[in-house]
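What the coordinates show
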Amino acid sequence: MKTWVKYLIAIILIALFGILFYTKVYIPKDTFTIVSPQKGTLHVSIHGIGNVSAKEIYPITAQSGGKITAILTDEGQWVKKGDVLIVMDGEELQAQLESAQASLQKATFDIQASNSELKNTQAQKTLIQKTYDRYQTLNQQGYVTKAEYDKAQSDLQSIQAAITAARAKIKASKAEALRAQKNVEALQIKIKNLKVYAPVDGLVLSKGAQEAQDVLPTTAILTIVDPKTLWVETNIDERISAQIKPNQKASIALRSHPNHPYSGKVVRIETQSDAVTLERKIDVAFDTIPEPFYINAQALVTIHVKSYENVFKIPLNLLVNYKGTLGIWTVKDGHASFQRIHKIAQNENEIALSNIDEQTRIIVPEANKKPLQEGMKIRE
């Protein structure tokens, strides 16, 4: 083969390689996808993981303590307000009540007897008083001896002392009757409390004792939850918790029913953050009670903080950090231009900016393309 043919073939191959490199490698490296902002509504939400709990959880105790005669419900059962839940052994209290009632009856009889005695003594005093008055007159006239007068005076003093003693006895008997009455009332209350009633309509969460077991007044025999107060206790980073306000709408996804979210709202925000985790506890109540529900079940809470209407927004993946500044790459006159952002708000997917509009043309950064630089020529 002639030499010039070889050179010609080589030139053709080099040219083909150059064309392929330019069209398949060089040009794609300079070619970027261009997008425009979308105008619409940006929904800002805050997420938190928590556990199902309730504002009102009642430990049910027996006020008098003692032996349990019967427990009339069990874990997982629904009860109505006023239902009898627990019956305590009252045999000893009944005996004490009968003794207290007997003491009250005796004190009442003592009062009646003392009143009769006082009346008789007062009647005797009337006669003795008349006798003393007569002897006093006769003594002044010298018709009776001093001994007779002294005896009449002594009889009057004795009957007066008897009257005073009778009145004191009546007072003591009344005090005893009052003490016995209070004792009877206290025992009647204790006997009434031998039956423990449900304070609310609710669900029995746990059972802490068994029939025939002796318990203290502080022992929680049952635990009942009021389902109307059911909520999720979630912890939110204090850096973003300030955006949360009472009555903000929320959605709750239980781990056991992830595809069946429940609506709710913020009902309580604790005023003190955790000093270790730097989180604040937020309580989100259910609008409708899950059936069934489980205390301590894990839940994902989404709190709908705010909605921004008619804003220009872009996906978060369009943001870049260029020389320590957060912004976006835009196309101006066919060249790349870096633009700092002025954020209005953002959620987990999008960000709304105040310094863009429908005319803004944004470059989508791609790792396999040339690194974007200020003034770089952009092919679309």
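My aim in this report is to walk through the structure given alongside it, one point at a time.

Attention now moves to empty space enclosed by the protein. One pass over the structure, following the stated rule, counts one cavity of 30 Å³ or more. Of the volumes computed, that of the largest cavity is approximately 40 Å³. Taken together, Val52, Leu254, Ser256, His257, Pro292, Phe293, Tyr294 and Ala297 make up the lining of the largest cavity. When grouped by side-chain class, the residues that make up the lining of the largest cavity number six nonpolar, two polar and no charged.

Attention now goes to the packing of aromatic side chains. Applying the stated criterion to the full structure yields five aromatic pairs. When the centroid spacing of 6.2 Å and the interplanar angle of 75 degrees are considered together, the rings of Trp78 and Phe293 count as edge-to-face. Of this pair, Trp78 sits in strand β5 (residues 78-79) while Phe293 is found in the loop between β14 (279-286) and β15 (298-315), placing the two residues 215 residues apart along the sequence. Seen from their ring centres, Trp329 and Phe338 are 5.4 Å apart, and the 70 degrees between their planes marks the pair as edge-to-face. For the pair Trp329 and Phe338, one class covers both residues: buried.

Okay, a negative patch on the surface next. Residues Asp89, Glu91, Glu92 and Asp214 make up a contiguous surface patch of negative charge. With respect to the element layout, Asp214 can be found in strand β9 (residues 214-215).

The subject of this paragraph is the sheet that holds β5. Taken in spatial order, the four strands line up as β3-β10-β8-β5 in an open sheet, and their pairing is antiparallel. Strands at the two margins of the open sheet, each flanked by one partner only, are β3 (57-60) and β5. Bridging between β3 and strand β10 (residues 222-225) involves four bridges; their strand directions are antiparallel. Paired with Pro59 across the two strands is Thr223, which belongs to β10.

Before going further, it helps to examine the layout of surface pockets. When its volume is computed, the largest pocket comes out at roughly 240 Å³. Per-class residue counts for the lining of the largest pocket are seven nonpolar, five polar and three charged. Computed from the structure, the second largest pocket encloses a volume of approximately 200 Å³. Every residue along the wall of the second largest pocket is listed here: Ser64, Gly65, Gly66, Lys67, Asp89, Glu91, Glu92, Leu93, Gln96, Leu194 and Asp214. Those elements that place two or more of their residues in the lining of the second largest pocket are β4 (66-71) and α2 (91-141). The leading source of residues in the lining of the second largest pocket is α2, at four residues. Partitioned by chemical class, the residues of the lining of the second largest pocket number two nonpolar, four polar and five charged.

Glancing now at unusual backbone geometry. Along the chain, Glu291 connects to Pro292 via a cis peptide bond; the corresponding omega equals -5 degrees. With respect to the helices, strands and loops of the structure, Pro292 is situated in the loop between β14 and β15. Phi at Ala212 takes a positive value of approximately 75 degrees, unusual for a residue other than glycine. Along the chain, Ala212 falls in the loop between β8 (202-207) and β9. Its identity as a non-glycine residue notwithstanding, Asn247 has a phi of 75 degrees, on the positive side.

Looking now at the environment of Gly334. Within the secondary structure layout, Gly334 lies in the loop between β17 (325-332) and β18 (335-340). The spacing of Gly334 and Met376 is 42 residues in sequence and 8.5 Å in space, taken between C-alpha atoms. Not counting residues within four places of it along the chain, the set of residues in contact with Gly334 comprises Met376, Lys377 and Ile378.

Rules used throughout
- Residues numbered from 1 in each chain as written.
- Predicted model: local features only at pLDDT ≥ 70, side-chain atom pairs only at ≥ 80, totals over all residues.
- Heavy atoms only, no water.
- 1 Å grid on protein atoms, 1.4 Å probe; cavity = no way out; pocket = protein on both sides within 12 Å on 5 of 7 lines; lining within 4 Å.
- Points joined across faces, edges and corners; volume = space filled by probe spheres on them.
- Nonpolar A, V, L, I, M, F, W, Y, C, P; charged D, E, K, R; others polar.
- Phe/Tyr/Trp six-rings, centres within 6.5 Å; stacked < 30°, edge-to-face > 60°.
- Helix = DSSP H or I, 4+ residues; strand = E, 2+ residues; numbered from the N terminus.
- Buried < 20%, exposed > 50% of the residue type's maximum accessible area, 1.4 Å probe, protein only.
- Patch = residues over 30% accessible without salt bridge, like charges linked within 9 Å, V, L, I, M, F, W, Y side chains within 5 Å.
- Areas by Shrake-Rupley, 256 points an atom, 1.4 Å probe, with all protein chains shown as cover.
- Salt bridge = Lys/Arg side-chain N within 4 Å of Asp/Glu carboxyl O.
- Lys, Arg positive; Asp, Glu negative; His and termini not counted.
- Charge placed at Lys NZ, Arg CZ, Asp CG, Glu CD.
- Pairing = 2+ DSSP bridges.
- Contact = heavy atoms within 4.5 Å.

Any functional reading would require information beyond the geometric quantities listed.
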